[in-house]
Each structure stands twice: as C-alpha cells, then as structure tokens.
Amino acid sequence: MGAYCNDDLNMPVYSAGAPTNELRFSKHVYDNVHGNIYLDPLCLKFIDTEQFQRLRELKQLGVTNMVYPGAVHSRFEHSLGVYWLAGETAQKLKNFQGMELDIDKHDLQTVRLAGLLHDIGHGPFSHMFEREFLPKVMSGCEWSHELMSVKMIDHIVDTHNIDIDAQMLKRVKDMILASTEFSQLKSNAEKRFLYDIVANGRNGIDVDKFDYLVRDSRACGLGCNFQFQRLTETMRVMDNEICYRAKEYRNVHKLFATRADLYRTVYTHPKVKAIELMIVDAMVKANNYLGISTNIDDPSEYWKLDDTILKTIEIAPDPELAEAKDLILRVRRRQLYQFCNEYAVPKEKIEHFKAVTAQDIVCSQKHTSLTLKEEDIAVTNVKIDLARGRQNPLECINFFKDYESEEKFVIPEERVSHLLPTSFQDMIVRVYAKKPELVEAVSEAFENFQVRTYGIKAQVHETPEKKKRRVM
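Procedures and definitions
- Residues numbered from 1 in each chain as written.
- Predicted model: local features only at pLDDT ≥ 70, side-chain atom pairs only at ≥ 80, totals over all residues.
- Heavy atoms only, no water.
- Helix = DSSP H or I, 4+ residues; strand = E, 2+ residues; numbered from the N terminus.
- Rg over C-alpha atoms; globule rule 2.2 N^0.38 Å.
- Buried < 20%, exposed > 50% of the residue type's maximum accessible area, 1.4 Å probe, protein only.
- Areas by Shrake-Rupley, 256 points an atom, 1.4 Å probe, with all protein chains shown as cover.
- Lys, Arg positive; Asp, Glu negative; His and termini not counted.
- Charge placed at Lys NZ, Arg CZ, Asp CG, Glu CD.
- Salt bridge = Lys/Arg side-chain N within 4 Å of Asp/Glu carboxyl O.
- Axes fitted to C-alpha atoms, helices over the stretch in contact; angles between N-to-C directions.
- Parallel < 35°, antiparallel > 145°, perpendicular 65-115°, else oblique.
- Left-handed = near helix turned anticlockwise from the far one by under 90°.
- Contact = heavy atoms within 4.5 Å.
- Pairing = 2+ DSSP bridges.
- Patch = residues over 30% accessible without salt bridge, like charges linked within 9 Å, V, L, I, M, F, W, Y side chains within 5 Å.
- Core = buried A, V, L, I, M, F, W, Y, C linked by side-chain atoms within 4.5 Å.
- Expected span 1.5 Å × (residues − 1).
- Arc of directions from axis to C-beta.

Q: Whenever I open this one, the overall build of the chain confuses me. Can you help?
A: Of regular secondary structure, the chain possesses 19 helices and nine strands. Against the compact-globule benchmark of 23 Å for 472 residues, the chain has a radius of gyration of 24 Å, which places it among compact chains. The principal-axis extent of the C-alpha atoms belonging to the chain is close to 75 × 60 × 35 Å. For the chain, with 472 residues in total, the buried portion stands at 56%. Of the accessible surface of the chain, which amounts to about 21900 Å², a share of 47% is contributed by carbon and sulfur atoms. Averaging the locations of the 63 positively and 70 negatively charged side chains of the chain gives two centres separated by 5 Å.

See below:
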C-alpha cells in the first residue's frame, strides 16, 4: 500500500495547541458541537472519497428523528467530531507527559485517523441494520460494523492509491477493533494507552462516547450535564493506561449515567422501537428481491448501501416489493405497530434471563374467539446498562490521588456514594401488536405470560382501555 507520503509527514498534525499560522492556512469546518475542526492532509484524502462521503446519508440515530425531529445528524459529523477529540486527547497527553510517553507525530496522526474512520463500516440506519435486520436474514451472522470499517479502510486505500505506512494502517485498524471481541491487541502492547482513546475496551471511557453523548443530547433537545473536558484535562497515563484523578469519579459516573439515560429516553423510546420494527420487517420482505444483505462482506459494493434504501423500496414499481411498500406507507401515515405494554425483568432474574419471543406470548393466550399468531406480535428485549453489563463500570477504572502520586487504584463501590445504584443493568421486555384491533388480545396474553413466568404481573399498569378499543 506504499510508503508514508513525505509531503504529508512534513505537514502539521493540527490541534488547538498548534501555532496560529499553521491553523490559519489549513482546511477547516465549523462543527456545532466542537467549533472549528482543522483537517490534516492525510485525513482529507480519506474524507474526500465517495466511501467516506456516504456517511452523510447515514443518520447517527437511525429512525429516531421520526420521534425527535431534531435528530437528523449523520455519521459524517460524528466521525469528524471523534477525529477532532481523538487528536485533542492525544495532544493533551503529549503536552502533559510528552517526554515520558514518547508520543510523536505518527502517533497523533494514527489516533486521529482511527477516530475519523471508526464508523465508516456502519450500515443503513446504523445499529438497527447490524442488530435487528441482519440476524433476521442471516442466522448465526457474526458481522459487525467495526470489521466492515477495517475492510472499508483497505478498500479506500487501494481504490484511491492513498500513500500510508503499512504499520500506521495496522495500528489504525487495531484501534478501531480495540473494544470488540475481534481485537487481537495484547495488554503489554507498545503505547497501549493510545488504543483506549477512540474505542476503549478496558473501561469504556473514550472519545466516541464523549462526542455522541453531547451531540445526540443537543440534537434531541435534551440537557447533558456530563463534562468530558474535565476528564481530558485531568487524565494521566500510569503503567501504560489512562487514569483519572480520584475527585473526578462522580463525573466519570455521569458519563455512564448519561449514556443509560439516552438509551432509555431516546435510543429505545417505545415509538422509536415501533418504527424500527416496521422498517426492519419492510427490509426483510424486500431483501430477497433487492439483495440488501448480499454484499455485506464486499466493501466495493457495500458502500453503495445507505438510508436511501427506504426511498428505493418506497417508490419502486415492482410487485415483489408490495408488502414492504405497504409497511413503509404505514410508517409515513403514522399507522404504527401498537405498543401494548412492558415490564422490567426482576433484578434477581436478570442473570439467567432468556429473550422473550412472539411465540412465548402466543403460547400464553387463553382460548378465545380471537386466535393470535406469531406474525401478529412483535417483541423487543431492551437491555440498558452502564456500558459494562451487570458490572459497575467504576470497578474497571483506575484513579490516582494527585499528580505527585505514583499509585493507581480502583475506588470501591461502598466508598463512592450510597446514592449510586446497587444494580447496573435493566432488562425491559416490550410487546407490540402489529394491528391496533389486536391490542387487547396481545395485552391479555402478555399479562398471562408474566404471571406464568414470575407468578405476578410485573408490568407497572394495565394497558389503557382507550388503546384496546383502537382500530386502524
């Protein structure tokens, strides 16, 4: 893939701390979250490609804008934001501990590039494509957007003849995979702390979250009281790991609490999930004819797939797409799958929880004149946590007392605050009727399922009578 271009190496790797004359003559964009973002020459070569520009057609929050109208921001601006924060974070570490850590220009460039390209493998409607659509059309599929990002990077480099050092390219890809099960990164890798900046597999504190927590909150009109700047200003590398001042533990907890709150109120909003279920069903019905899942391992074709697939289905004259078109038309006319009810799985049952299916609800119906079928029901099992499953995220983070201290330590849960949660994961089961006239029957079967499974109705209240009487 060629040697690193000397012209690019001699150009500045921009950050807020760069000399004014360097920034003045650089290309930059204005971001509504971070202000001016200055673009270095090598990253511009990736940005100015059709594969990267495709991110403009991928909404960051999928179909959430159909509930929160302001949530129309794309993966493009998020990627620029992570690019900027990744470089700023690495630059701060260089400023704080430059001699000790030996952070050089190549390191800064590598971290920035990883931030820029970390999401380039996302599919239509972002996580919905990967988590909801693909499992329905490809059983046992282990596809992930991170793995596709790695493939897409190689494709861009080869297609556009981008001169980049092979070792730098490998490190970029390792940084993108660092928080996944596919990571082959060793714990004693050289400058291991750099791999925690973009996608932190050790404790979940990374600039990807820093950007999307602020950006998503702002787009949806919600407040965000987490201040990532306090963490980046007080961080310190100890034993090849980024650690934080002990007095910032509450701010660290706010990071994870804010994320959980966004999951609960935005990402998994009942109406958002209803629309997701309908879009997924439409794409599944269209898949055999359009081959949506055909090229998920071929970056040369995959880059052509984006959110416009919905419009492709919607305006197509082909009779093979009639059922998919009808579902999309229902979404447009707000004739959505009807949310019947939900319950939180009892805390003591979460560890051995088995996903609830439509079949479970059908098997719980009593003998009535109306017989439910699996295709009448949609069920979602929503997991909300603090990014570490049932584990307290603070137990994975090392802190230090002050800058004179050489000791790092974990803060025990009982020494943090008695007001913090004692449980770190919720599992919420939601059920939807695909037709409004089925709400009453589905709700009754759902209640029967809860009684049969837990001995009680775990839901907070019964389905409102008005909703039960609704017809399309």
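Q: Can you walk me through the pattern of salt bridges in this structure?
A: Pairs can form between side chains of opposite charge whenever their charged atoms are close. Applying the stated criterion across every chain yields a total of 29 salt bridges. Salt-bridge contacts for lysine 457 lead to glutamate 447; the nearest nitrogen and oxygen are separated by 3.3 Å. Separated by ten residues along the polypeptide, lysine 457 in the loop between α18 (439-454) and α19 (465-468) and glutamate 447 in helix α18 bring together distant segments of the chain. Exposure remark for glutamate 447: the relative accessible area of 11% places this residue in the buried category. Each of Asp31, Asp211 and Arg215 takes part in salt bridges that share partners, so that together they form one network.

Q: In this structure, what is going on with the packing of helix α6 (residues 105-117) against helix α9 (residues 166-177)? I would like to understand it.
A: The packing of two helices is summarised by the inter-axis angle and the distance between the axes. Packing of α6 against α9 leaves a shortest axis separation of 9 Å and a crossing angle of 50°. Between α6 and α9, the angle is such that the two are oblique. Between α6 and α9 lies a crossing whose hand is right-handed. On α9, the residues touching His106, Asp107, Gln109, Thr110, Val111, Leu113, Ala114 and Leu117 of α6 are Met168, Arg171, Val172, Met175 and Ile176.

Q: For this particular structure, what's the right way to read the sheet that holds strand β4 (residues 241-245)?
A: Adjacent strands of a sheet pair through backbone hydrogen bonds, lying either parallel or antiparallel. Taken in spatial order, the four strands line up as β3-β4-β7-β8 in an open sheet, and their pairing is mixed. Taken across any chain shown, the strands that pair with only one partner, and hence form the sheet edges, are β3 (236-238) and β8 (408-409). Most of the contacts of helix α5 (residues 75-101) go to β3, to which it runs at about 30°, and overall it touches β3 and β4.

Q: Could you clarify how one ought to interpret a positive patch on the surface in this entry?
A: On the surface, Lys271, Arg334, Lys466, Arg469 and Arg470 cluster together to form a positively charged patch. Owing to a relative accessible area of 36%, arginine 470 belongs among the partly exposed residues under this scheme.

Q: Can you help me understand the pairing of strand β2 (residues 35-39) in this one?
A: Counting buried positions over the five residues of β2 gives four, a clear majority of the element. The sheet contact formed by strand β1 (residues 27-31) and β2 spans five bridges and is antiparallel. Across the sheet, the residue bridging to tyrosine 30 is asparagine 36, located in β2. Two successive antiparallel strands, β1 and β2, enclose a turn made up of three residues.

Q: Honestly, the packing of α5 against helix α10 (residues 207-219) in this entry has me stumped. Any pointers?
A: Contact pair α5 / α10: the axes reach a minimum separation of 9 Å and the direction vectors enclose 130°. By the angle between their directions, the pair α5 and α10 is classed as oblique. Of the two elements, α5 crosses α10, and the hand of that crossing is right-handed. Along the contact surface, α5 presents Glu77, His78, Gly81, Val82, Leu85, Ala86 and Thr89, while α10 presents Val207, Asp208, Phe210, Asp211, Tyr212 and Arg215.

Q: How should the nonpolar core be read in this particular structure?
A: Across soluble globular proteins, nonpolar side chains have a tendency to be buried as a group. With 119 residues, the main nonpolar core has Phe46, Leu116 and Phe129 as its most contacted residues. Leaving out residues up to four positions away in the same chain, leucine 116 has contacts with Cys43, Phe46, Ile47, Phe52, Ser79, Leu80 and Tyr83. With 24 residues, the next largest nonpolar core counts Val356, Ala358, Ile361 and Tyr454 among its residues.

Q: Got a minute to help me understand the environment of glutamate 413 in this structure?
A: Secondary-structure assignment places glutamate 413 in the loop between β8 and β9 (425-433). Counting along the chain gives 19 residues from glutamate 413 to leucine 394, while the straight-line C-alpha distance between them is 7.6 Å.

Q: Before we go on, may I ask you to explain the pairing of strand β6 (residues 377-385) in this structure?
A: Regular strands place side chains that alternate from one sheet face to the opposite one. Across the nine residues of β6, seven count as buried, placing the element largely inside the fold. Examined bridge by bridge, β6 and β9 share nine bridges and lie antiparallel to one another. Residue pairing across strands places isoleucine 377 opposite alanine 433, the latter belonging to β9.

Q: It is not clear to me how helix α8 (residues 145-159) should be interpreted in this structure. Could you clarify?
A: The periodicity of an α-helix, 3.6 residues per turn, causes residues three or four positions apart to be oriented the same way. Helix length check: α8 (15 residues) gives 20 Å between terminal C-alpha atoms against 21 Å at 1.5 Å per residue, within 8%. All buried positions along α8 are accounted for by His145, Glu146, Met148, Ser149, Val150, Met152, Ile153, His155, Ile156 and Val157. On its buried side, α8 packs onto α3 (41-47), α4 (50-53), α6, α7 (127-137), α9 and α14 (299-302).

Q: Help me understand the side chain of histidine 155, please; the structure alone is not making it clear to me.
A: If you trace the backbone, histidine 155 turns up in helix α8. Histidine 155 has contacts with Gln51, Pro299, Ser300 and Trp303, leaving out every residue within four places of it along the chain.

Q: I would appreciate a short explanation of helix α16 (residues 322-332) in the present structure.
A: Where α16 is concerned, the buried positions are Ala324, Leu327, Ile328, Arg330 and Val331. Around the axis of α16, the buried residues are gathered within 155° of arc, so they sit on the same side. On the buried face of α16, the contacting elements are α13 (270-290) and α15 (309-315). At the C-terminal side of α16, arginine 334 shows a positive phi close to 60°.

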